[in-house]
Amino acid sequence: YWHRQARAFKRVDLLEIDAHTGAVQPLLTETSETNVDPGLTEYHMMTSGDEWIWASERDGWKHLYLWDRNGIKQQITRGEWVVREIIHVDETERRIYFKAGGREPNRDPYYRHFYSVGFDGGKPRLLTPEDADHQIYFPESGDYFVDNYSRVDSAPVCVVRHKISGKVAMTVAQANIDALLEAGWTKPEPFRVKARDGKTDLFGVIYRPANLDPKQKYPVIDATYSGPHAVRTPKSFYQARRGGDAALAQLGFIVVTVDGMGTAKRSKAFHDFSYGNLGDIGAPDHMTALQQLAERYPYMDLDRVGIYGHSAGGYDSARAVLAHPDFYKVAVS
């Protein structure tokens, strides 16, 4: 079984291939006028080969569907939230264990929580209630799984949970960051702002120098990557120290990273904003985000804004300083 992605990403086929004869039989085809996101395409084929779980954005959000050879049998999950990854399928109990984001109210929709749900749909069971990003290690058998959760501003905690209830059976480890704090390290701060439309929530992280003096003015750096297949803003404690953002802040900058409209892991409409529109690079969202943050933090000097990025972010930074020279004064690609 193989899913085949067409060029231009407007079609994906699930194929059954006979290894003895080479015969190929299409089992389903997913199409879109814009794109079928390859980062969200996944499936689980049952051992029998007669049923499978297929992920689709056909209702505007990535959800799970139960298929057989006659077509869709059941939409398993639904709502304005995103299934992020199938972790395990218990074919005997007919239950799916999966990560999702955006289902829990008033939380960062990019935080991955862990759930289970039956093949017949119904309300998913939340197994990781903490307001954080959860990394799951799920064994092939047994009654427990490992959950390592954190945020950019909260140190990692590793626990073992019951797979049915999510109840914590034991705490394995909890990171101690006292030495970091004593050394003057400043936690990154997650934030929420409005997009260019004044309605859509955007999420990002701001980094500050350890010796910040709020009475001073600091130049600002927009750390960018608007590649439409990705999310740049870190969500876990580990991710927050990757790249150059934290280091740049210690040189005396306010560093901000934010995922504007057109990037991944939200609704299909949010993602489709960048379709045929890569020159936008999310810059209007980034600029309004910095303006909103500067109202909260007057030490941000918006007369001195630079932008940097790698790969697609390198394109972004070059494009930004050419398209918006009144706002961006320096670009490093």
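Here we summarise the structure given alongside this text. (Residues numbered from 1 in each chain as written. Predicted model: local features only at pLDDT ≥ 70, side-chain atom pairs only at ≥ 80, totals over all residues. Heavy atoms only, no water.)

## What to know about the overall build of the chain
Looking only at helices and strands, the chain has six helices and 21 strands in total. Scaling as 2.2 N^0.38, a compact globule of 333 residues should have a C-alpha radius of gyration of about 20 Å, and the chain matches this with 22 Å. Its C-alpha atoms give the chain principal-axis dimensions of roughly 70 × 50 × 35 Å. Summarising the internal contacts of the chain: among those between residues at least 6 apart in sequence, 49% fall at separations of at least 24. (Helix = DSSP H or I, 4+ residues; strand = E, 2+ residues; numbered from the N terminus. Rg over C-alpha atoms; globule rule 2.2 N^0.38 Å. Contact = heavy atoms within 4.5 Å.)

## Observations concerning the pattern of salt bridges
Opposite charge on two side chains lets them pair, provided their charged atoms get close. Per the stated rule, a full pass over the model turns up 25 salt bridges. Across the pair Glu30 and Arg58 runs a salt bridge, and its minimum N-O distance is 3.1 Å. Linking Glu30 in strand β3 (residues 24-31) with Arg58 in the loop between β5 (51-56) and β6 (63-68), this pair joins segments that are 28 residues apart in sequence. For Asp301, the salt bridge goes to Arg304, with nearest N and O atoms at 2.8 Å. Residues joined by salt bridges that share partners form a network here, namely Arg107, Asp131, Arg151 and Asp153. (Salt bridge = Lys/Arg side-chain N within 4 Å of Asp/Glu carboxyl O.)

## As for the sheet that holds strand β4 (residues 43-45)
Overall, antiparallel pairing links the four strands, which are arranged β4-β5-β6-β7 in an open sheet. Two strands bound the open sheet, and with one partner strand each, they are β4 and β7 (71-75). Going across the sheet, the axis of each strand differs from the next one's by a mean of 25°, ignoring polarity. Taken together, the six bridges between β5 and β6 define a ladder with antiparallel strand orientation. Within β6, the residue paired with Ser56 across the bridge is His63. (Pairing = 2+ DSSP bridges. Axes fitted to C-alpha atoms, helices over the stretch in contact; angles between N-to-C directions.)

## Some points on the side chain of Thr224
You can see Thr224 is positioned in the loop between β18 (218-223) and α2 (237-240). With a relative accessible area of 2%, Thr224 lands in the buried category. A distance of 3.0 Å separates a polar atom in the side chain of Thr224 from a polar atom in the side chain of Asp316. Setting aside anything within four residues of it in sequence, one finds Thr224 in contact with Arg232, His286, Ile307, Tyr308, Gly309, Gly313, Asp316 and Ser317. (Buried < 20%, exposed > 50% of the residue type's maximum accessible area, 1.4 Å probe, protein only. Polar contact = N/O pair within 3.5 Å; in protein donor to acceptor, adjacent residues only side chain to side chain.)

## Remarks on helix α6 (residues 312-323)
Between its first and last C-alpha atoms α6 spans 16 Å; for 12 residues at 1.5 Å apiece the expected length is 16 Å, and the two agree. Looking only at α6, the buried set comprises Gly313, Gly314, Asp316, Ser317 and Ala320. Angularly, the buried residues of α6 cover 155° about the axis, an arc narrow enough to put them on a single face. Turning to α6, the residues buried within the fold contact β20 (300-308) and β21 (330-332). (Expected span 1.5 Å × (residues − 1). Arc of directions from axis to C-beta.)

## A short note on the nonpolar core
Ranked by size, the top nonpolar core spans 29 residues in total, and within it Ile254, Val256 and Met300 carry the most contacts. Contributing elements (two or more residues each) for this core: β16 (189-194), β17 (201-207), β18, β19 (254-258), α5 (283-296) and β20. At six residues, α5 tops the list of elements feeding residues into this core. Counting residues in each nonpolar core, the second largest holds 16 residues, with Trp81, Val83, Tyr115 and Phe119 among its members. (Core = buried A, V, L, I, M, F, W, Y, C linked by side-chain atoms within 4.5 Å.)

## Comments concerning the sheet that holds β3
The strand order across the open sheet built from three strands is β1-β2-β3, with neighbouring strands paired in antiparallel fashion. The open sheet has two free edges, formed respectively by β1 (2-5) and β3, since each of these has just one partner strand. Here the average twist between neighbouring strands, direction ignored, is 25°. In the sheet, β1 pairs with strand β2 (residues 11-17) via four bridges, with the strands oriented antiparallel. By the bridge assignment, Trp2 is partnered in β2 with Leu15.

## Quick word on the packing of aromatic side chains
Tallying each qualifying case throughout the model produces 15 aromatic pairs. The interplanar angle of 75° and the centroid separation of 6.2 Å between the aromatic rings of Tyr110 and Phe203 together place this pair among those described as edge-to-face. Remark: Phe203 occurs in strand β17 and Tyr110 occurs in the loop between β9 (95-101) and β10 (113-118); sequence separation between them is 93 residues. You can call Phe203 buried: its relative accessible area is 5%. Ring centres of Phe114 and Phe145 lie 5.0 Å apart, and the angle between their planes is 65°; on these two criteria the pair is classed as edge-to-face. With Phe114 in strand β10 and Phe145 in strand β13 (residues 144-151), the pair connects residues that are 31 residues apart, well separated along the chain. A relative accessible area of 1% means that Phe145 is categorised as buried. Taken together, the ring pairs in this structure connect Tyr97, Phe114, Phe138 and Phe145 into an aromatic cluster. One residue, Arg58, lies across the ring of Tyr65, its end atom 5.7 Å from the ring centre. Looking at Arg208, its charged tip hangs above the ring of Tyr297, at a distance of 4.6 Å from the centre. (Phe/Tyr/Trp six-rings, centres within 6.5 Å; stacked < 30°, edge-to-face > 60°. Lys NZ or Arg CZ within 6 Å of the ring centre and 35° of its normal.)

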